[in-house]
Structure formats: structure tokens, C-alpha cells
Amino acid sequence: MDESTMKPQIEHYEGAAGGWGSAKGLTQILERTRSTKALPVLWKQNKPEGFMCVSCAWAKPAKPHTFEFCENGAKATAWELTADRCTPDFFAQHTVSELKGWSDYALEMTGRLTHPMRYDAASDKYVPVEWDETFAEIGRELRKIKAHDPKRTIFYASGRASLETSFMYSLLARAYGNNNLPDSSNMCHETTSVALPRTIGVPVGTVLLEDFETTDLIFAFGQNVGTNSPRLLHPLQEARKRGISIITFNPLRERGWERFKNPQSPMEMVGGEETQISTQYNQVHPGGDIAACFGIAKALFALEDDARRAGNESVIDWEFIQDHTHGFEAFEKAAREMEWSDIETRSGLKRPVLERAAQTYANAKATIFLYGMGLTQHVHGVESLDMIVNLMLMRGNIGRPGSGICPVRGHSNVQGQRTVGITEKPELVPNAKLRELFHFEPPMEKGHNTVEGCEAILKGEVDGFIGLGGNFLRAIPDTVRMEDAWSRMALTVQVATKLNRSHLVNGKVAYLLPCIARSEIDRQNGVAQAVSMEDSTTCIHGSWGQVEPASEHLLSEPRIVAGFAKAALDPNPAMPWDEWASDYAKVRDVIEQVYPDQFESFNARLWKRGGFPRPLPARNRVWKTPTKRANFFVPEVVSADGREKDAEGVLRLVTVRSNDQFNTTVYGYDDRFRGIKGTRQIIMMNEGDMRRLSLKDGDLITLRSAEDDGHKREVPDLRVVTYSIPEGSIAGYFPELNPLIPVSHYAKESFVPAGKSVPVLLSKN
Ligand SMILES: Nc1nc2c(c(=O)[nH]1)N[C@H]1C(S)=C(S)[C@@H](COP(=O)(O)OP(=O)(O)OC[C@H]3O[C@@H](n4cnc5c(=O)[nH]c(N)nc54)[C@H](O)[C@@H]3O)O[C@H]1N2
Ligand SMILES: Nc1nc2c(c(=O)[nH]1)N[C@H]1C(S)=C(S)[C@@H](COP(=O)(O)OP(=O)(O)OC[C@H]3O[C@@H](n4cnc5c(=O)[nH]c(N)nc54)[C@H](O)[C@@H]3O)O[C@H]1N2
Ligand SMILES: [Mo]
């Protein structure tokens with residue numbers, strides 16, 4: 001399908017998020033995937049004793065709704081349980097070079113992978129192979145690399161694999177001899193995992209679902225709820241019905257933050273009732289959140305001065321600041337000294353707007369701060385989070401019901417993977433425990449994160465890449481450059497459910513291995529196995545597969561990891577891989593042994609309704625930071641993109657998801673809430689910019705990177721669409737625009753590729 005010839009249909013979308021459009025979206029995907037199996041399974045989605053959605057990581061309530069799934073969660077299930085199969089016959093008919101010409105959508109629409117396949121360079125085709133032979137050759141190749149240097153293999157994980165699989169995988173990498181465990185979190189919320197430990201002493205959010213019941217204000221920064229975590233609209237709607245305020249910061253008008261019609265409520269569906277979500281919608285400049293928060297802080301200090309003069313109650317929580325925090329004075333000075341003119345230029349927001357937000361904040365007893373990729377994927381994303389924490393600490397909004405910080409995580413178990421050892425940072429690993437329990441010497445050298453992994457591959461320093469799920473080559477920045485370097489590797493192995501672009505660029509020895517999906521029954525020695533995951537609010541849930549696997553040749557992920565481990569490592573009775581892969585409860589026991597504080601009585605609590613929360617010291621105002629206090633930090637920059645002023649003609653590109661995709665999985669070409677249909681090859685642009693550049697809707701343009709480092713980065717044939725977005729900024733879709741993002745354009749400290757304010761140049765075709 002040649003998308004460039006497809007003109008977008010632009011239809012102003014009048015509906016709320018949810019509503020009939022949502023029901024229609026679901027029906028379409030069920031038809032397209034001919035997925036008769038999906039419908040009955042949806043009843044069990046995100047329910048206690050059911051199966052946990054493979055879409056986002058949003059919390060699963062103890063008292064679920066009749067349907068505890070959203071349009072996009074249902075799409076993810078239908079996509080996984082498609083009736084279509086991508087078989088050896090299919091691969092016999094198509095060369096890999098031919099498949100490179102297919103769209104992401106067309107590749108995944110071929111259906112579920114059914115057989116282990118090996119790439120045959122002579123015929124340029126994938127050919128079927130037996131599992132035994134597969135493990136034997138992969139083992140041989142991994143041992144060859146290890147003998148040379150174990151650090152030349154990378155073990156990537158996408159955030160979908162269960163806690164059990166992830167634990168085994170991280171142990172495999174360490175026993176092999178490296179900490180090269182990048183995961184999708186390295187492209188996502190790693191900024192959270194860097195900022196929060198140094199400010200509040202935990203790597204994850206502190207908010208629990210019940211906090212939404214008692215909060216009286218929600219600040220929402222840089223997240224697209226209607227599309228990326230629609231079930232979060234329920235607690236937001238309930239909160240709004242209690243009359244609480246929601247203040248949103250987002251450069252784009254996103255329908256989910258405007259209004260919601262609950263598709264599960266007959267009254268709302270038939271009666272036309274819908275809920276206004278944001279009470280204040282602030283179209284901040286991309287990267288302008290630091291400045292916006294400075295504005296709110298400055299206004300709060302002014303309110304505090306007023307309160308003092310009038311002898312009223314303080315706006316600042318002095319008791320909390322004295323008893324619990326460090327660094328307040330420096331922060332106060334910085335906020336008071338910041339000029340309103342700077343705040344206004346950087347944030348793109350007017351002083352009265354920020355003063356109003358500050359007043360609402362001052363009146364609220366308990367406030368939740370929620371955020372997503374709009375903060376984390378910036379060069380100074382860590383400082384954006386520092387700033388959010390500063391605001392939170394000013395009024396003691398942590399460790400009190402209804403308050404706290406709420407990073408909305410992406411993949412359904414991305415947070416959990418980090419909890420059980422998928423990390424490149426050896427200081428986060430309980431190495432002494434690993435030594436004691438598994439009788440080996442864990443590697444103490446830091447491993448590669450995603451960006452460092454890409455750089456190492458570009459430099460030819462990597463020989464082996466194992467991908468446990470995901471679509472690494474499509475999700476990373478600089479995709480075109482990376483593809484060129486990729487085939488130099490000796491071994492590339494991809495464990496997957498569906499065919500994607502990462503499977504079409506291969507190392508010298510290359511395997512594509514199909515696995516059982518989470519919605520499918522995973523039987524080991526005839527006994528159905530449960531798996532587990534951690535949601536965005538640190539609650540751990542068990543999950544049962546519901547339908548028969550897509551093919552009898554599939555292996556489970558734990559079984560595949562065990563296969564790699566047995567073939568690549570010398571036998572070690574302390575690591576009984578087969579035993580673990582035969583009974584996942586045993587893996588959970590081992591996880592509990594390695595992380596006794598986090599996973600106390602793991603197996604016994606697996607089916608607790610609503611999941612069991614991991615203990616977090618910050619929730620009890622205990623601060624595991626170097627100062628033993630919660631820390632204020634003064635950001636070094638006022639714009640999160642760190643650019644003083646862009647050169648003439650440079651636009652800031654924000655890459656986002658449509659309502660018809662899950663990351664690199666494209667379900668269709670309909671971004672309903674934004675009113676764009678028929679193509680993903682578009683950019684959204686402000687009316688004023690369109691006029692200035694003499695562009696009209698549907699015009700074809702080319703984008704080039706403004707980075708001048710000798711590499712050509714270009715995406716041609718994009719159509720312009722008018723959209724409500726600040727002047728000087730444009731938005732378009734990930735992953736199509738990733739070739740424009742240099743690998744070097746990443747968040748300082750967290751190394752998250754900075755996909756949210758990419759400097760680009762535009763030319764008319
Ligand atoms: N259906 C569906 N669900 C998903 C996913 C999916 O692809 N599809 N992906 C999953 C994954 S892995 C993740 S990480 C999450 C991602 O979910 P989100 O965190 O919502 O990620 P994005 O789609 O990148 O949207 C980022 C939002 O931030 C805004 N934004 C951009 N720049 C800025 C800025 O500088 N400041 C502010 N305040 N806002 C900004 C954008 O306009 C956009 O609304 O969703 C998860 N859930
Ligand atoms: N420009 C830009 N780039 C971005 C982002 C952005 O906002 N802008 N977002 C980043 C973010 S937040 C993330 S998380 C990454 C996503 O990066 P990844 O997690 O690597 O990518 P996905 O698209 O989620 O992976 C989809 C593939 O996973 C496989 N899969 C699905 N289910 C399973 C399963 O159960 N087991 C296995 N083994 N495989 C399975 C399927 O084959 C499918 O094709 O992309 C990042 N890249
Ligand atoms: Mo993500």
C-alpha cells in the first residue's frame with residue numbers, strides 16, 4: 001500500500017472520547033482480524049482471576065466494571081487473537097527483501113507467527129526449523145561471542161513479557177556475563193526512574209487507584225489519556241463528578257482531556273450525557289512545562305506573601321518542608337527571581353492562566369500529579385520531573401491520601417520488568433543475593449541502555465542481539481542509519497507473536513521465534529500456568545491465558561528463555577531452567593527469595609483482588625535518598641528541549657501515537673479523536689504557520705532533520721493537516737518519523753530518545 005498517494009480525510013470529530021465511536025472502532029477491528037475468539041475473552045480482561053490486558057499498564061481495580069476494557073485494550077486482544085496465520089507457506093512465497101516494501105500494518109496483518117523460522121541468505125527467505133536445532137545453533141553462536149567478549153551481546157526486552165519471563169531473562173544475561181539489558185523503558189519512563197529516586201527515593205509513582213477517590217485536584221502533563229490509557233478516564237470521570245478540578249498541560253488539543261462519554265453507561269450513550277474532563281486546558285509549548293511550573297510556583301509564593309500579610313493560613317506546607325525536605329531555599333529563590341516575561345515566552349502560557357492554576361492548587365487539600373511521554377521524552381525531561389516534584393513538595397502532596405505522583409506507564413509490564421532485574425545498572429541489582437542463590441559472579445560493569453546499545457551497534461561493537469518481543473529497529477531513533485549497521489551482527493534472534501520490520505533486517509545467523517501470547521493458555525506438562533505483571537500503580541496481578549495457542553509449535557516465553565540459557569551457559573544446578581519453565585510458581589518463589597521486601601508471599605497473594613501493591617517508603621514519607629529527605633532541585637534550564645532559540649525556519653516536531661496503533665503495531669489509519677483518516681503520513685500544523693508557509697490542508701511536504709552532523713535524515717511525502725497546536729511546533733506519528741531523530745538526541749541522564757521536540761526543517765514538494 002503506497003500511503004504517500006493517499007490524501008488524509010480530515011473530519012472534525014465532534015464526539016467525546018469513548019462514546020459510539022469507541023464501540024464502532026472495536027467492531028471494525030473484530031471484523032478485520034476475524035477474531036471470533038476475542039469477544040468471550042474480553043469479559044475476563046483485567047478482572048480478578050482473568051487475564052491482564054496486553055495494551056497499557058493502567059491499574060486494574062479490585063471491583064471491576066462489567067467490561068473492564070477500553071476500545072484500545074479490546075483492539076490489542078483482537079489483534080493478538082486474530083484468525084490469520086503467518087505460516088512457513090507465507091514465508092516460502094515472499095523474500096525478505098520483498099517484505100521490506102510492505103507497511104507495518106500489512107506485515108502484522110499477516111497474522112500470528114506459527115513456526116520457528118531461520119533466515120536463509122541464499123534464497124533471501126525464512127525457512128522453518130525445529131526448536132532443538134534452533135536452540136543448538138543459537139547456543140553455539142552465543143558461546144562463540146562469549147568466548148571473545150560476553151559484552152558483545154545485547155538482551156533487549158519489550159515491556160510485555162511477564163515477571164516470570166523477565167526475571168529468567170535478566171538472570172540469563174547476567175549468567176552469560178553482561179548487564180546489556182535495555183528494555184522499552186529506556187525509550188519511555190526511564191526518565192521517571194532517574195528523577196524520582198533522587199527526589200523522593202523511589203523509582204516509580206506513589207499514587208494508588210484509591211487516591212483518585214479522595215483527591216481534590218489533578219494536574220495532567222503530557223499524556224494522551226483518551227488513546228493511551230482510556231480506562232483511566234473512569235476514575236477521572238468519577239473525580240469530575242465529585243466536582244474536582246483537572247488542569248491539563250498539552251500542546252495539542254487531545255479529545256480525551258476535553259470530554260468523555262462512558263461507552264459502558266447506557267444513560268450516557270443514549271442520553272447524550274458526557275463529562276467535561278479538563279477544567280483548565282493549557283496548550284503549553286513543547287518543552288515548556290518547566291517554565292509553566294516555575295510560573296505556578298512563583299504565583300504560589302505570591303499567594304503565600306498575601307496570606308501572611310492578611311494573617312491567613314499558609315499556602316506553603318511549612319511543616320512538611322521543615323520535617324521532610326531538602327533544598328527548599330534555593331528553589332524558592334530561583335522561583336521568585338524568575339521573570340514572568342521568561343516564563344511566558346518559554347511556556348507559551350500567559351501569567352493570569354498560570355496564576356489561576358496556582359490559586360486552584362492553593363485551594364486543594366490533596367493533589368495528584370500525572371504525566372506521560374510529553375515530559376519524559378525531552379532532552380531535559382529529568383528536570384521537568386524535578387519541577388513537578390518541586391510543586392508537589394511545596395504543598396506536601398505526597399504520603400497523604402489523594403495525593404502523589406502518577407507516571408502513566410506504557411507497556412503492560414514495563415514497570416515490573418525493571419522490578420525483577422531487567423536493567424543495565426548493576427547498582428540496582430541485588431548482586432549478593434544472586435551470588436548466594438545461584439552460585440555465580442554477576443557482572444559488575446554497567447551494561448548498554450537503548451541509546452548506548454544503538455551507538456555500540458553503529459560502531460560495530462555488538463555481535464549478538466536477542467529481542468524478547470518488541471520492534472527494536474522500528475521503535476528506536478535514527479532508524480535508517482541503524483538498519484544499515486544492523487546486518488553486520490553475527491547473530492540476531494527475535495522472539496515475537498507477529499511479523500514486524502525488525503524481523504526483516506538480519507544478522508548473519510538470524511532466527512524468528514514465535515511464542516505463546518498472554519491471552520492464550522500456557523500449558524506446561526499438561527498444567528495451565530499463570531503469569532504475573534505489575535501495573536502503573538505498583539500493584540502485582542496474576543493472569544490466566546484464556547484460549548488455545550495460535551499454533552501447536554509455539555513455545556512459551558519462559559520455555560524459550562530456558563532454551564537459550566541451557567544452550568548458551570554451562571550447566572549450573574542452582575539454575576534449574578527446565579524446572580522453572582515447567583512450573584512458573586517456582587519462578588515466583590525464586591523472585592521472592594531475591595526480592596523478599598517487594599514480593600513477600602508472592603504465590604499466596606497472586607490473586608488478590610486489585611493486585612497487591614509493592615511497599616514504597618515514599619508513601620509513608622520515608623525518603624531513601626542520599627539526603628534522607630525529599631529533595632527540591634533547581635533545573636538548569638527553563639525549556640526542556642534545552643534550546644535557547646531555534647535557527648530561522650526550524651520547527652519543533654512532536655512525535656505521538658494515533659488512536660489506531662499500539663506503538664509500532666498499526667491497527668489502522670483512523671486517528672478518530674484528532675479527526676484524521678486514511679493515512680499516517682501526515683504532520684499536524686498550526687493555522688498561522690500554514691498561512692506563513694503558504695500551505696493548505698493536504699499539501700505534500702518533506703521533513704529534514706535540522707541536525708547537521710553529516711548524516712542525511714529525511715522523511716518525504718507527508719501531508720499537512722491543520723491542527724490546534726502552538727505556532728512553531730508540528731506533530732506527527734511515531735514510528736514513521738523516527739528516521740528524523742538523531743540517536744544523539746536523547747534525555748540527559750536517562751538516555752531516553754527525545755522524540756518530543758525534534759528540530760526539523762520543512763520544504764514543500
Ligand atoms: N492505544 C495505545 N495505548 C498505549 C500505547 C499505544 O501506542 N497505543 N503505547 C503505550 C506506551 S508504551 C506508552 S509509553 C504510553 C504512551 O502514552 P503517552 O504518554 O500519552 O504518549 P504519547 O502518545 O507519546 O503522547 C504524549 C502526549 O504528550 C503531549 N506532549 C508532547 N510534548 C509535550 C510537552 O512538551 N509538554 C506537555 N505537557 N505535553 C507534551 C502530546 O501532545 C501527547 O498528547 O501509552 C501506552 N498505551
Ligand atoms: N519517535 C518516537 N519513538 C518512540 C516513542 C515515541 O513516543 N516517539 N515511544 C517509545 C516507547 S514509549 C516505547 S515503549 C517503544 C516501544 O518499543 P517496543 O516495545 O520494542 O515496540 P512494540 O511496538 O510495542 O512491539 C510490537 C511487537 O511486539 C511483538 N509482541 C507482541 N506481543 C508479544 C508477546 O507477548 N511476546 C513477544 N515476545 N512479542 C510480542 C509483536 O511481534 C509486535 O510486532 O517505542 C519508543 N519509540
Ligand atoms: Mo512506552
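Residues numbered from 1 in each chain as written. Chains lettered and ligands numbered in written order. Predicted model: local features only at pLDDT ≥ 70, side-chain atom pairs only at ≥ 80, totals over all residues. Heavy atoms only, no water.

### Considerations on the site of ligand 1
Then, number 1: Residues in close proximity to ligand 1 total 30 residues, the closest being Asn250, Glu254, Gly287, Asp289 and Asn663.
Then, number 2: Met373 places a polar main-chain atom, nitrogen or oxygen, 2.8 Å from an oxygen atom of ligand 1.
Then, number 3: Here an oxygen atom of ligand 1 and a side-chain polar atom of Arg657 are 3.0 Å apart.
Then, number 4: For the shell around ligand 1, the secondary-structure elements that each account for two or more residues are α11 (225–228), α19 (373–376), β25 (651–656) and β26 (661–662). (Near = heavy atom within 4 Å. Polar contact = N/O pair within 3.5 Å; in protein donor to acceptor, adjacent residues only side chain to side chain. Helix = DSSP H or I, 4+ residues; strand = E, 2+ residues; numbered from the N terminus.)

### Here we look at empty space enclosed by the protein
Then, number 1: Under the defined criterion, the tally for this structure stands at four cavities of 30 Å³ or more.
Then, number 2: Roughly 70 Å³ of internal volume is contained in the second largest cavity.
Then, number 3: Lining the second largest cavity are 15 residues, and of these Pro48, Met52, His541, Lys608 and Gly610 lie nearest its centre.
Then, number 4: Residue classes in the lining of the second largest cavity are distributed as five nonpolar, five polar and five charged. (1 Å grid on protein atoms, 1.4 Å probe; cavity = no way out; pocket = protein on both sides within 12 Å on 5 of 7 lines; lining within 4 Å. Points joined across faces, edges and corners; volume = space filled by probe spheres on them. Nonpolar A, V, L, I, M, F, W, Y, C, P; charged D, E, K, R; others polar.)

### As for the UniProt feature "domain: Molybdopterin oxidoreductase" (unreviewed entry) in the protein
Then, number 1: Under the present numbering, the feature "domain: Molybdopterin oxidoreductase" (unreviewed entry) in UniProt falls on residues 112–491.
Then, number 2: When the span residues 112–491 is considered, its composition is 47% helix and 13% strand, and the gap between its end C-alpha atoms is 23 Å. (UniProt positions renumbered as here; feature names shortened; annotations may be inferred.)

### With respect to the domain arrangement of the protein
Then, number 1: Each assigned domain of the protein is listed with its residue range as follows: domain 1 (85–186 + 420–521 + 543–576) and domain 2 (191–412).
Then, number 2: Between domain 1 and domain 2, the C-alpha centre-to-centre distance is 38 Å.
Then, number 3: Taken together, the contact between domain 1 and domain 2 spans seven residues of the former and four residues of the latter.
Then, number 4: Interface area, domain 1 with domain 2, both sides summed: about 380 Å², of which 36% is carbon and sulfur.
Then, number 5: Our count for the contact surface shared by domain 1 and domain 2 stands at zero salt bridges.
Then, number 6: Our count for the contact surface shared by domain 1 and domain 2 stands at two residue pairs in polar contact (both at pLDDT 80 or more).
Then, number 7: Its residues assigned to classes, the side of domain 1 that touches domain 2 shows no nonpolar, four polar and three charged. (Domains from an automatic or database assignment. Contact = heavy atoms within 4.5 Å. Buried area = accessible area lost by both parts, 1.4 Å probe. Salt bridge = Lys/Arg side-chain N within 4 Å of Asp/Glu carboxyl O.)

### Some thoughts on the layout of surface pockets
Then, number 1: Reported here for the largest pocket is a volume of approximately 830 Å³.
Then, number 2: Forming the boundary of the largest pocket are 31 residues, of which Pro203, Arg418, Thr419, Leu428 and Arg614 lie nearest the centre.
Then, number 3: Contributing elements (two or more residues each) for the lining of the largest pocket: α9 (190–200) and α21 (414–419).
Then, number 4: The residue inventory of the lining of the largest pocket, partitioned by class, reads 14 nonpolar, seven polar and 10 charged.

### A word on helix α14 (residues 289–310)
Then, number 1: Here α14 spans 31 Å end to end across 22 residues, near enough to the 32 Å set by a 1.5 Å rise per residue.
Then, number 2: Counted residue by residue, α14 has 16 buried out of 22 residues, so it is predominantly covered. (Expected span 1.5 Å × (residues − 1). Buried < 20%, exposed > 50% of the residue type's maximum accessible area, 1.4 Å probe, protein only.)

### Describing the pattern of salt bridges
Then, number 1: This structure, assessed with the given rule, holds 51 salt bridges.
Then, number 2: A salt bridge links Arg588 to Glu164; the shortest N-O distance between them is 2.8 Å. With a gap of 424 residues between them, Arg588 in helix α28 (residues 584–594) and Glu164 in helix α8 (residues 163–176) connect regions that are remote in the sequence. Judged on exposure class, the residue Arg588 and its partner Glu164 are both buried.
Then, number 3: The closest approach of N and O atoms between Arg336 and Glu332, which form a salt bridge, is 2.9 Å. Taken together, the residues Arg336 and Glu332, both in helix α16 (residues 328–337) and four residues apart, mark about one turn of the helix.
Then, number 4: Within the structure, one salt-bridge network assembled from shared partners comprises Asp183, Glu190, Arg418, Glu424 and Lys425.

### Some thoughts on the sheet that holds strand β32 (residues 714–722)
Then, number 1: Strand order in the closed barrel formed by six strands is β25-β33-β30-β32-β31-β34, and the pairing between neighbours is mixed. Taken over all neighbouring pairs, the strand axes of this sheet differ in orientation by 45° on average, direction set aside.
Then, number 2: As paired elements, strand β31 (residues 700–705) and strand β34 (residues 758–764) share five bridges and run antiparallel to each other. The partner of Leu703 across the bridge, within β34, is Leu762. (Pairing = 2+ DSSP bridges. Axes fitted to C-alpha atoms, helices over the stretch in contact; angles between N-to-C directions.)

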